[in-house]
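Residue-level listing of the chains:
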Amino acid sequence: MDLLNYVRNQWDRVAAWVFVVAGALALLTGWLGISRTAYPAEQNPYIISGGLAGIFLLGLGGVLWLSADLRDEWRKLDRIERRLSDPDSP
Amino acid sequence: MSTPVVAAGPVPWRLANLLVLWVTLAAGATLLVLAWWGASATADQSSQVAWINLGVCGLIVAGVGITAWVLSGRRAVGARRMLLFPDPSPGTDASPADESEPLVTAAHLTRYHRSGCPMVAGKRTRAASAARHRAAGLEPCGVCRPIQ
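The shown structure was predicted, so the numbers you read here are calculated from the model rather than taken from an experiment.

Basis of the calculations
- Residues numbered from 1 in each chain as written.
- Chains lettered and ligands numbered in written order.
- Predicted model: local features only at pLDDT ≥ 70, side-chain atom pairs only at ≥ 80, totals over all residues.
- Heavy atoms only, no water.
- Pairing = 2+ DSSP bridges.
- Helix = DSSP H or I, 4+ residues; strand = E, 2+ residues; numbered from the N terminus.
- 1 Å grid on protein atoms, 1.4 Å probe; cavity = no way out; pocket = protein on both sides within 12 Å on 5 of 7 lines; lining within 4 Å.
- Points joined across faces, edges and corners; volume = space filled by probe spheres on them.
- Nonpolar A, V, L, I, M, F, W, Y, C, P; charged D, E, K, R; others polar.

Caption draft 1: View of the sheet that holds strand β1 (residues 103–106) of chain B. All names here are of chain B. Pairing in this open sheet of four strands is mixed, and the strands run β3-β1-β2-β4 from one edge to the other. Only two strands of the sheet have a single partner each, and these edge strands are β3 (125–128) and β4 (139–140). Relative to β4, strand β2 (residues 111–114) runs parallel, the two being bridged by two bridges. Pairing of Y112 across the sheet is with P140, part of β4.

Caption draft 2: Representation of the layout of surface pockets in the model. Considering only enclosed or pocket space, the largest pocket measures out at about 420 Å³ in volume. Lining the largest pocket are 17 residues; nearest its centre among them are W11(A), L64(A), L18(B), L21(B) and W69(B). Elements supplying a minimum of two residues to the lining of the largest pocket: α2 (11–35) and α3 (40–85) of chain A together with α1 (15–40) of chain B. Tallied by class, the residues present in the lining of the largest pocket amount to 13 nonpolar, one polar and three charged. A volume near 340 Å³ is recorded for the second largest pocket. Lining of the second largest pocket is provided by 17 residues; of these, I80(A), R83(A), L109(B), M119(B) and K123(B) occupy positions nearest its centre. Counting only elements with at least two residues in the lining of the second largest pocket, the list comes to α3 of chain A together with β2 of chain B. With five residues, the single largest contributor to the lining of the second largest pocket is α3(A).

Below, the structure written as structure tokens:
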């Protein structure tokens, strides 16, 4: 399948993966930052920029994926409705 | 109880749903950035905990928006599905078809249906008993449920 066409048609699923990967990277970066210092005052900002921001990005990825599923179901209902009103429609 | 309103358009959401999502996500992201900025600017741990709390609040705000978005989408899809395929009332459509009720199928279909099923509306159908349909390898329709 042509990659560009796939990205164009499934932009929300592609974006979901991008956000999930970014969230995982943020969590990893936060863990690395925290583990490199013994001072809690230096660790705390990493909890926010790595931990909380990572969870935020993972949530964004999740909502995009769920939205794509709902959008697909909506289109399927569109097709069923068209078939019910016009059985000869594709 | 209010009747769920089905959104008209290519997606199951309305503009108001999108606005709520954007506002809550923007507020959540802003609170997270503020929290990080505030926690980075001080070495006092008790102050940092307060900033972390602000970040958690941002996460909660974004979570509320995301939950509202997904729920509104699911509700719209469910309402539209109910419009297309209303739940059969107990004792009527859901009851097993009796022997005299014609069960039909059409060319290229893999299921057999009650004659009034919307899945065969407008199709050129042929009637047969459930046993014959089953013998032909067909399964009962999940919408009109001609359970035998």
